[in-house]
Amino acid sequence: MNNVQEESLRDQKKFRRRLQIVEIARGIISARGLRSLKVRDVAEAAGCSVGSVYNEFGDFDGVILTVNRETVQALTARLRAVPAEDPVRQLYGLAETYLDFFAAHANLLHSLFEHRMEDDRPYPDDILQMVMDAFALMHPPLVRLLPDADDVKIALLSRTLFSAVHGIISLGLEERMVAVPSQMLRQQVEQFVETHLRGLGILPLR
């Protein structure tokens, strides 16, 4: 076997190990939450040393950030698939899709929003931008519904709407507080979106 082949095999092994570490970390976060994630548990499950995990990702934050990136990518893909023909229905659909994704992947989303970097390092800009891009998917339907509003106002409205929907869902699914039955939570989200749109004059007041 020549040097090129050996290097290729090493790269493939490294790539597979990296994927395995991320998959193990994602499984632990999904099942038990971010606080249950320990580097020694991940290394043991992956059949490697703690040092190998750090070598692959720089530090343990690197593992968590990789999982978080994949979570927001999956969320954004789901949101982008919401039909856009009717802007009002699109806004309802975005809220409902977020609810469905959150209900299915609550711990992964909590990790995305709750993870704090070691030593108070700043959170990576690319992930923050990915989250903002997901929020901004409410921007186009609001532009269509409020054609006279300036772009700054639309951006603020889209962020506020998504943040409020996130809060309703997050608290509604929180079992340690007062969890809301799934159908009732769906109704609450729909009612909030409806009330918000009526307040903006998009839907007629009753």
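Bear in mind that the values here come from a model prediction, so they are computed numbers and not experimental data.

Cut-off values and rules
Residues numbered from 1 in each chain as written. Predicted model: local features only at pLDDT ≥ 70, side-chain atom pairs only at ≥ 80, totals over all residues. Heavy atoms only, no water. Axes fitted to C-alpha atoms, helices over the stretch in contact; angles between N-to-C directions. Helix = DSSP H or I, 4+ residues; strand = E, 2+ residues; numbered from the N terminus. Parallel < 35°, antiparallel > 145°, perpendicular 65-115°, else oblique. Contact = heavy atoms within 4.5 Å. Nonpolar A, V, L, I, M, F, W, Y, C, P; charged D, E, K, R; others polar. Salt bridge = Lys/Arg side-chain N within 4 Å of Asp/Glu carboxyl O. Buried < 20%, exposed > 50% of the residue type's maximum accessible area, 1.4 Å probe, protein only. Left-handed = near helix turned anticlockwise from the far one by under 90°.

A. Molecular detail of the packing of helix H2 (residues 39–46) against helix H3 (residues 50–57). As a packed pair, H2 and H3 sit with axes 8 Å apart at the nearest point and diverge in direction by 100 degrees. When the axes of H2 and H3 are compared, the pair comes out roughly perpendicular. Across from Val39, Arg40 and Ala43 in H2, the residues of H3 making contact are Val50, Val53 and Tyr54. Of the residues contributing to the contact of H2 with H3, the split by class is 5 nonpolar, no polar and 1 charged.

B. Main features of the pattern of salt bridges. What the rule picks out here adds up to 8 salt bridges. With its nearest N and O atoms 2.6 Å apart, the salt bridge here joins Asp100 to Arg186. Taken together, the residues Asp100 in helix H5 (residues 87–104) and Arg186 in helix H10 (residues 182–199) connect sequence positions 86 residues apart. According to the relative accessible area criterion, Arg186 is partly exposed, its value standing at 25%. Linked by salt bridges that have partners in common, Glu23, Arg26 and Glu70 make up one network.

C. Representation of the packing of helix H4 (residues 60–80) against helix H7 (residues 125–135) within the structure. Between H4 and H7, whose axes approach to 10 Å, the crossing angle comes to 20 degrees. In terms of orientation, H4 and H7 fall into the roughly parallel class. As H4 runs across H7, the sense of the crossing is left-handed. Of H7, the residues touching H4 (which contributes Leu65, Arg69, Val72, Gln73, Thr76 and Leu79) are Asp126, Ile127, Met130, Val131 and Ala134. A class-by-class count of the residues in the contact of H4 with H7 yields 7 nonpolar, 2 polar and 2 charged.

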